[in-house]
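Secondary and tertiary structure notes
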Amino acid sequence: MGNRGEGIFERISWDEALNEVANKIKEIKQKHGNSAILLVPGGGNQGMLHGIIPHALMLHQIGGYTRMWGAPSYEGALFASMATYGTMMTGNAREDLLNSKLIIMWGWNPANTIWDPGTSLWLAKAREQGIKIVSIDPIFTDSAAVLADEWIPIRPGTDTAALIAISYVIISENLHDMDFIKNYTIGFEKFRDYVLGLEDDQPKTPEWAEEITMISAETIRNLAREYAINKPAALIAGWGPARTAFGEQYSRAANVLCTITGNIGINGGYAAGFMRSYYSRERILTGSKKKSGPFKPDDETPKRPRLQDNPVDFGAAPREESLYKLKGGTNPANTRIHYNDYYNAILKGCKGGYPTDIKMAYIAGTNRLNQFPNVNKGVKALKSLDFIVIYEQFMTPTAQLADIVLPVNTFMERNDVAVPWLGAPYYIYLNKAIDSLYESKSDLEICKELSKKLDIEQSLLDLPEEQILKLFTAPRKDIKSYNKMKRDGYFKVKVDEPFIAFKDQIEDFEKNPFPTLSGKIEIYCEHIAEKNNPLMPPIPKYLTHDEHYDSPIAKKYSLQLLTPHNKRRTHSSLHNIPWLEEIEPHAVWINPVDASKRNINNGDLVDIFNDRGRMRIPAKVTERIIPGAVCVYQGAWYNPDKDGVDLGGCANILTKDVYSPGGAFPLNSSLVEIELSPNNKLEEIQ
Amino acid sequence: MNQMGFYFDQTRCIGCYTCSVACKDWHNIPEKVNWRQIKVLEDGKFPNLYLAYLSSSCYHCKEPPCIKVCPVGAIKKREKDGIVIVESSKCLGNEECDSKCLKACPYDIPQFGPERGGKMQKCDFCLERLEKGQQTICVEACPMFALDAGPLDELKDKYGDVVEAEGFKYFEKFKPSILHKPKLKNLD
């Protein structure tokens, strides 16, 4: 009804809606091929079975769809973890923090972002035991304030420079662990030459870094010495600083720092990296453990796409820039379009050099428009499609743009199994608590019906929910009793000792090489070197970019925008809950120094803008953010007025839809300017 | 009387609001009413900063000032455990009596809600749960084990007898039933 995005909807029956969806899919498939169908998946409302899974399986059976690669949360950290260690399994069990002599929380705020339920508590216990904890962050976060002994504020996007200067101090003062480097790593000399300035005549001294990072050279020196001397020490490198332009470099630099101090594979140490620890999250679709390590010639390659393979990508050559010689990442190397380039892909299509002309979007488990960069371009792109279907519980900004909104139920209205997000030895069984409310249905129920309308004759989805769950959990041998898990609502896996990443490698290297191409930790990564891309150097390097503090555009837009997670919601989920809105009203954080220059007082209504968009929300003038940076917590819902000014305060109205060679999303690399809003009346946004 | 009370470890509180939201959820409290409130305490100049939270609910004072000022006797203190309870149905409402209890309480605990004539409501120490031998919902919910509740004497044995915290002043004349581990300000 009405034009797309007007928000005028008409209630129709399930049968009518699913007929329409099936007919559109068939029509587009027939006219343009399967690659014209874009699957837009997300992690919302997801268990092992429900959420995106049944939709993907169903669409595989009709010939597949276009999908994209890259995860905004962690793509930089993932790339760096794979390049350095060949695996995502780089984290230690949390209880091992008590064995550290020093804990560094780098851009890491577990008090708000959780990182497994017990993390903050273990950190508090460590601090109470007298273990020193340091937080490095542009924001005086809850973690910095409550869990840390010391807060070191840093200019956003300059973390790599700080890490490299710390390496400089350690190497030039001979505090690195040369035995460890010799035994377990390759390429140290190349990194050393860059750090000491032998490569480019610029020694990466603390003085060099001070100017860039706004951390004093003395602080950098002290931190470097403390970290190198107090062994074992845990450097926990959060993903936020990797959500920047060239965020891979930050993660690589952190991994290398852990490496050159020999803090790997030992109790109390930490490897940084992707930081997954105990984990049995075998890929749901393959049902088998996806081992890390190099691909070998005798690795089985199926002749035909299996149920878990998307036929559209099947057999395609890997992306040149991907680490395609390694197993165990999350991205199929043969997907072509990066998620942060998909608006361009939709708008420009084959003529613009993209592999396909996308005609429809099939969206499940995500408020994608809101949660991906450059919302204004997103609106344009989505409006240009022939058809959009979305599965939702709420009329989100993304749902507003759909042709058909299908009410999918929640985790409380169906059975499912959940696996701890980052890895911990337990499973959760989500017993159905109530029948589906109103006319909503589960993803599985919907796909069962839709499969018939799509003329799929036989499907795994024909099986009852419980039977599919048993099938999906069967490969996980650590679930000793499905029935016990279902009865108790959880299953705790017995482990002999807390997980320490790379313990096997360090204890017996001959038997257990690292799962990299060289079998060692790659300070210098040959696989990256093959790409021969100066923006993706084989050793970690500090790189500037066109929305950095020192870029020409910083004269026009002088404030660096941070878009971290907020404690009162999960991404955009729960933003629409009034109880939670009360906790911390949405506002842009700005330091008094920057506020007073602009005549902004606490509580004023301000406009935050750049070339991509403009939003209008109240200002929180606070000492808790470094001068030169402002913070709009991501996840607030896009709500444009008639002039396109976002009154909802959706951070992605200002972020940029580009990506780094390793895939990092520059969510914390946007420059903005702030001014008092024209009327400065808060009623405007209420 | 076996006075019941709370303990709050301010050094552990990460400001997650779980206690407050769990309370709202359990007691089904409407918007803008909070039986358990969180105060955000920020101080200092960049980069020497202090941030702490104070989680507070009714302190079930030994000498509750609210009881004395209530014109209709809607607030009572239980003999056996000292829990202060309010009979909301008796309450005249925030406008008719001018919120006398709220004005008398130094901790701003009594809650009326935003609507006109709202009746007073507040923490009842999870009486229903207490009778079943269960812990209060805020204590159960705290992921940091920063809250505890029980007979005040037992809490003193466990946690010592510090009563004040940042953002909280102990009034001898009311004797609030609370123990604290305060988060000290060390701004240089």
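Residues numbered from 1 in each chain as written. Chains lettered and ligands numbered in written order. Predicted model: local features only at pLDDT ≥ 70, side-chain atom pairs only at ≥ 80, totals over all residues.

Let us now look at the overall build of chain A. In terms of regular secondary structure, chain A is built from 22 helices and 23 strands. Taken over the C-alpha trace, chain A has a radius of gyration of 25 Å; the compact-globule value for 686 residues is 26 Å, and the two agree within 12%. The C-alpha extent of chain A, read off along each of the three principal axes, is 70 × 65 × 50 Å. When the 686 residues of chain A are sorted by exposure, 54% land in the buried category. At a minimum sequence separation of 6, the contacts of chain A that also span at least 24 residues come to 75%. (Helix = DSSP H or I, 4+ residues; strand = E, 2+ residues; numbered from the N terminus. Rg over C-alpha atoms; globule rule 2.2 N^0.38 Å. Buried ≥ 20, exposed ≤ 12 C-beta atoms within 10 Å, placed from the backbone. Contact = placed C-beta atoms within 7 Å.)

This brings us to the overall build of chain B. A tally of helices and strands in chain B yields 6 helices and 7 strands. Secondary structure elements of chain B occur, N-terminal to C-terminal, as β-α-β-β-α-β-β-α-α-α-β-α-β. Taking 2.2 N^0.38 as the reference for a compact globule, 188 residues should give roughly 16 Å; the C-alpha atoms of chain B span a radius of gyration of 16 Å, in line with that estimate. With respect to the principal axes defined by its C-alpha atoms, chain B has extents near 50 × 35 × 35 Å.

So, on to helix α1 (residues 18–27) of chain B. Among the residues of α1(B), B:C19, B:S20, B:V21, B:C23 and B:K24 are the ones counted as buried. Contacts from the buried residues of α1(B) go to α21 (578–581) of chain A together with β2 (37–45), β3 (48–56), α5 (137–141) and β6 (147–151) of chain B. A positive phi of about 55 degrees marks B:N28, the residue just after α1(B).

Interface extent is often summarised as the accessible area lost during association of the parts. On the side of chain A, 19 residues touch chain B, which itself brings 20 residues to the contact. Those elements that provide at least two residues to the side of chain B that touches chain A are α1, β2 and β3 of chain B. Considering every element that reaches the side of chain B that touches chain A, the biggest residue donor is β2(B), with 3 residues. Here the residues of the side of chain B that touches chain A are counted per class, giving 12 nonpolar, 2 polar and 6 charged. (Nonpolar A, V, L, I, M, F, W, Y, C, P; charged D, E, K, R; others polar.)

All names here are of chain A. Pairing within the open sheet is antiparallel, and its 3 strands lie in the order β14-β15-β16. Pairing within the sheet leaves two strands with one partner each, and these edge strands are β14 (416–418) and β16 (490–492). Direction aside, neighbouring strands of the sheet carry axes that sit 20 degrees apart on average. In the sheet, β14 pairs with strand β15 (residues 426–430) via 3 bridges, with the strands oriented antiparallel. Counterpart to A418 in the pairing with β15 is I428. (Pairing = 2+ DSSP bridges. Axes fitted to C-alpha atoms, helices over the stretch in contact; angles between N-to-C directions.)

The next thing to look at is the nonpolar core. One recurring pattern in soluble globular proteins: nonpolar side chains tend to sit buried together. Residues and elements named next belong to chain A. Counting residues in each nonpolar core, the largest one holds 251 residues, and the members touching the most others are I104, I166, L235, I236, V588 and V630. Looking at this core, the element that brings in the most residues is helix α7 (residues 159–172), giving 9 residues. Residues lining this core come from more than one domain, with at least three contributed by each of domain 1 (86–277 + 500–529) and domain 2 (552–685). With residues near it in sequence (within four places) discarded, V588 still touches V606, I608, I617, A619, K620, V630, C631 and V632. (Core = buried A, V, L, I, M, F, W, Y, C linked by C-beta atoms within 7 Å. Domains from an automatic or database assignment.)

Residue and element names in this part refer to chain B. Pairing is mixed across the open sheet formed by 3 strands, whose spatial order is β6-β1-β7. On the outer flanks of this sheet lie β6 and β7 (178–181), each paired with one strand and no other. Across the sheet, the mean angle from the axis of one strand to that of its neighbour is 15 degrees, orientation sign disregarded. Pairing of strand β1 (residues 4–9) with β7, which is carried by 4 bridges, proceeds in the parallel orientation. Residue F8 lies in a different strand from β7, and its bridge partner there is H180.

Here the focus is the domain arrangement of chain A. Residues and elements named next belong to chain A. By the assigned domains, chain A splits into domain 1 (86–277 + 500–529) and domain 2 (552–685). Measuring from the centre of the C-alpha atoms in domain 1 to the corresponding centre in domain 2 gives 30 Å. Taken residue by residue, the interface counts 18 residues in domain 1 and 19 residues in domain 2. Looking at the side of domain 1 that touches domain 2, the elements that each hand over two or more residues are α4 (110–113) and α12 (247–260). In terms of residue class, the side of domain 1 that touches domain 2 is built from 9 nonpolar, 6 polar and 3 charged.

The subject of this paragraph is the pairing of strand β11 (residues 360–364) of chain A. All names here are of chain A. Of all 5 residues that make up β11, 5 are buried, and the element is covered over most of its length. Side chains of β11 alternate between two faces, with M360, Y362 and A364 and A361 and I363 buried alike. Here strand β1 (residues 37–41) pairs with β11 via 5 bridges, running parallel. Within β11, the position partnered with V40 by the bridge is I363. Bridge count between β11 and strand β12 (residues 387–392): 5 bridges; the pairing is parallel. Within β12, the residue paired with A361 across the bridge is I388.

What follows is about the packing of α7(A) against helix α9 (residues 188–196) of chain A. Residue and element names in this part refer to chain A. For the pair α7 and α9, the least separation of the axes is 9 Å and the interaxial angle reads 105 degrees. When the axes of α7 and α9 are compared, the pair comes out roughly perpendicular. Seen from α7, the contacting residues are I164, S167, Y168, I171 and S172; seen from α9, they are R192, V195 and L196. Residue composition of the contact of α7 with α9, grouped by class: 5 nonpolar, 2 polar and 1 charged. (Parallel < 35°, antiparallel > 145°, perpendicular 65-115°, else oblique.)

Bringing helix α17 (residues 465–473) of chain A into the picture now. Residue and element names in this part refer to chain A. Every buried residue of α17 is listed here: I468, L469, F472 and T473. Looking straight down α17, one finds that the buried residues subtend no more than 125 degrees of arc, so they occupy a single side. In α17, the exposed residues that point more than 90 degrees away from the buried face are E466 and Q467. In the core, the buried residues of α17 are packed alongside β14 and α18 (482–488). (Arc of directions from axis to C-beta.)

Our next topic: the packing of helix α3 (residues 75–85) of chain A against α12(A). Residues and elements named next belong to chain A. With their axes 8 Å apart at the nearest point, α3 and α12 run at an angle of 45 degrees to one another. Here α3 lies oblique to α12, going by the angle between them. Relative to α12, α3 is oriented so that their crossing is right-handed. Contacts between α3 and α12 involve G76, A77, F79, A80, S81, A83, T84 and Y85 on the former and, on the latter, G247, E248, Y250, S251, R252 and N255. (Left-handed = near helix turned anticlockwise from the far one by under 90°.)

On to the confidence of the model for chain B. Where the model shows low pLDDT, its predicted coordinates should not be examined in detail. Summarising the model, chain B shows a mean pLDDT of 96, and 99% of its residues fall at 70 or more. The complex model carries a pTM of 0.97, and its ipTM stands at 0.97. (pLDDT = per-residue confidence, 0-100.)

Glancing now at the environment of A:A234. Residue and element names in this part refer to chain A. Assignment of secondary structure puts A234 in strand β7 (residues 233–237). You can call A234 buried: it has 25 C-beta atoms within 10 Å. It is 29 Å that separates the C-alpha atoms of A234 and L535, two residues lying 301 residues apart in sequence. Discounting chain neighbours no more than four positions away, the residues touching A234 are L97, S100, I103, I104, G268, G269 and Y270.

Before going further, it helps to examine unusual backbone geometry. Omega for the bond connecting A:K231 with A:P232 falls within 30 degrees of zero, at 0 degrees, which places this linkage in the cis form. Its place among the elements puts A:P232 in the loop between α11 (217–229) and β7. In this structure, the amide linkage connecting B:F46 to the following residue, B:P47, adopts the cis form with an omega of 0 degrees. Positive phi, close to 60 degrees, is recorded for A:N174, a residue that is not glycine. The residue A:N174 is located in the loop between α7 and α8 (178–184) in this model. Phi at B:S99 is positive, roughly 50 degrees, even though this residue is not glycine.

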